[in-house]
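Below, each chain spelled out in residue letters.
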Amino acid sequence: MNNLANALLDRRQVVASLLRDTADTPGGELLVVTGLGSTTYDAGAAGDRPENFYLWGAMGGALMIGLGLAIAQPKRRVLVITGDGEMLMGLGSLATVAAAKRPNLSIAVLDNGQFAETGHQSSHTALGADLAAMARACGWSAAEIVTDMPSVEALRPRLRREALFATIRISPEDVTRFLPPRDGAYLTTRFRAALGVAPS
Amino acid sequence: MTTEPWQDGVYAALKDAGVRQVGYVPDAGHSRLIDRSHADPEMTAVVLTTEEEGVAMAAGAHLGGSRAVLLMQSSGVGNTINMLSLPIHCRMPLFTLVTMRGEWGEFNPWQVPMGSSTGPVLQAAGVHIRRAERADEVVELVAASARLAYDCAIPVAVLLSQRLIGAKVWVK
């Protein structure tokens, strides 16, 4: 039984909701890291902004980039948005980040149970793995599963105020591709500039 | 493991270079740096489950205007290879200290394959290599290599030779 059978959420609507009014974040503009693949496209489609750092590679690294950033910027809020496949590749980072206990870092995992980018092969979350349960077992004090839009709306302020892990079940339907900038040096430079970091 | 004076010198060099985050997979050769990092309120030390996490953490530190170092053993270098595309493509610094196994007086044959390929693999991936053989050169080498990594925004690895660290002694 595919546990995603009843998931109907549109990924673009979900990410647009998570990234609505990003200035309405304690400490200033929300800092966002997205995982390789569809979440990068989703965040770009919601509106490109310098405080978005899109991964186009480095699979499995999104949450750890978020950790380094959260430690470096303790007064700002960091939100990692990634997919089930990217999270599965970095499962150890669930334990590392829980142990590091940073209050200003949250993660939303868009779970369609598939490696959509490479031909919709089933991922482990469609085959029995429960990422929220793993997060709890790693020591995340708050780990939730969300399956409808009102709950996504309720999640938005919490992701900006708590250290929260959230699985959001989304439809595996393909959406129109949107490609944000992919030059990593450009993305890095403009992100640092937006934070007021002086160039070396 | 006894503490050698150069280990505190290396820690001071990291602090002087502006390092404020330490990601590590434990190794006996790094134990002094790990202990110092945890005891230092200016430093945030993060224990990793696997070495590539430290590469990604260093990228996040750079995005946030901070500096991180990755402490690992030669056997962990192989775990980092794809993640190295992150600092290299994004023109970010990466600074890592690698304690070598499988070379000087090694007891465990399982350490030899990765120890032998550590340098060539890092170089093939685009990482600049420096190697410390003697206690009297290591502090200066770390300080200069840290400048190279952070000021030029490139990946640099300092290999701390097994002769320097001391071969692990096994007692039955």
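Because the structure is a prediction, the values reported are computed rather than measured.

1. Quick notes on the overall build of chain B
- A count of helical and extended segments in chain B gives 8 helices and 6 strands.
- Listing the helices and strands of chain B from first to last along the sequence gives α-β-α-β-α-β-α-α-β-α-β-α-β-α.
- For chain B, whose C-alpha radius of gyration is 15 Å, the value lies close to the compact-globule estimate of 16 Å for 172 residues.
- Taking all 172 residues of chain B together, the buried fraction comes to 50%.

2. Concerning the interface of chain B and chain A
- Taken together, the contacts link 29 residues of chain B with 28 residues of chain A.
- Secondary-structure elements contributing two or more residues to the side of chain B that touches chain A are β2 (44-47), α3 (52-63) and α5 (85-90) of chain B.
- With 9 residues, α3(B) is the largest single contributor of residues to the side of chain B that touches chain A.

3. Focus on the sheet that holds strand β1 (residues 21-24) of chain B
All names here are of chain B.
- On the basis of which strands lie adjacent, the open sheet formed by 6 strands has the order β2-β1-β3-β4-β6-β5 and parallel pairing. Among the strands making up the open sheet, the edge pair consists of β2 and β5 (128-132). Across the sheet, the mean angle separating the axes of adjacent strands is 20° when strand polarity is ignored.
- The pairing of β1 with β2 spans 4 bridges and is classified as parallel. Across the sheet, the residue bridging to V22 is A45, located in β2.

4. Topic: the packing of helix α1 (residues 5-16) of chain B against helix α7 (residues 135-152) of chain B
All names here are of chain B.
- Contact pair α1 / α7: the axes reach a minimum separation of 9 Å and the direction vectors enclose 15°. With respect to each other, α1 and α7 are oriented roughly parallel. For the pair α1 and α7, the crossing hand works out as right-handed. Of α7, the residues touching α1 (which contributes W6, G9, V10, A13, L14 and D16) are A135, V138, V139, V142, A143 and A146.
- Residues of the contact of α1 with α7, tallied by class, amount to 10 nonpolar, 1 polar and 1 charged.

5. Focus: the environment of B:G166
- Mapped onto the elements of the fold, B:G166 is located in the segment after α8 (162-165).
- Taking the C-alpha atoms as reference, B:G166 lies 19 Å from B:T96; in sequence the two are 70 residues apart.

6. Brief notes about the nonpolar core
- Core analysis: the largest hydrophobic core is formed by 106 residues, its most contacted members being A:A108, A:I168 and B:L160.
- It is helix α3 (residues 62-72) of chain A that contributes the most residues to this core, 9 residues altogether.
- Excluding residues within four positions of it along the chain, B:L160 makes contact with B:G29, B:L97, B:V98, B:T99, B:M100, B:A132, B:V138 and B:I165.

7. Focus: the pairing of strand β4 (residues 105-111) of chain A
Residue and element names in this part refer to chain A.
- Summarising burial for β4: 7 of the 7 residues are buried, a large majority.
- Residue alternation in β4 divides its side chains into two sets, L105, I107, V109 and D111 and S106, A108 and L110, and both sets are buried.
- With 6 bridges connecting them, strand β3 (residues 78-83) and β4 associate as parallel partners. Within β4, the residue paired with L79 across the bridge is S106.

8. Some words on the sheet that holds β4(A)
All names here are of chain A.
- Strands sit in the order β2-β1-β3-β4-β8-β7 across an open sheet of 6 strands; the sheet is parallel. Bordering the open sheet on either side are β2 (52-54) and β7 (142-146), each of which pairs with just one other strand. On average, adjacent strands in this sheet sit at an angle of 15° to one another, irrespective of strand direction.
- The pairing of β7 with strand β8 (residues 164-169) spans 5 bridges and is classified as parallel. Pairing of I145 across the sheet is with T167, part of β8.
- Of the strands in this sheet, β4, β7 and β8 touch helix α6 (residues 131-138), which is tilted by about 175° from β7.

Rules behind the numbers
- Residues numbered from 1 in each chain as written.
- Chains lettered and ligands numbered in written order.
- Predicted model: local features only at pLDDT ≥ 70, side-chain atom pairs only at ≥ 80, totals over all residues.
- Helix = DSSP H or I, 4+ residues; strand = E, 2+ residues; numbered from the N terminus.
- Rg over C-alpha atoms; globule rule 2.2 N^0.38 Å.
- Buried ≥ 20, exposed ≤ 12 C-beta atoms within 10 Å, placed from the backbone.
- Contact = placed C-beta atoms within 7 Å.
- Pairing = 2+ DSSP bridges.
- Axes fitted to C-alpha atoms, helices over the stretch in contact; angles between N-to-C directions.
- Parallel < 35°, antiparallel > 145°, perpendicular 65-115°, else oblique.
- Left-handed = near helix turned anticlockwise from the far one by under 90°.
- Nonpolar A, V, L, I, M, F, W, Y, C, P; charged D, E, K, R; others polar.
- Core = buried A, V, L, I, M, F, W, Y, C linked by C-beta atoms within 7 Å.

Purely geometric numbers; function is a separate question.
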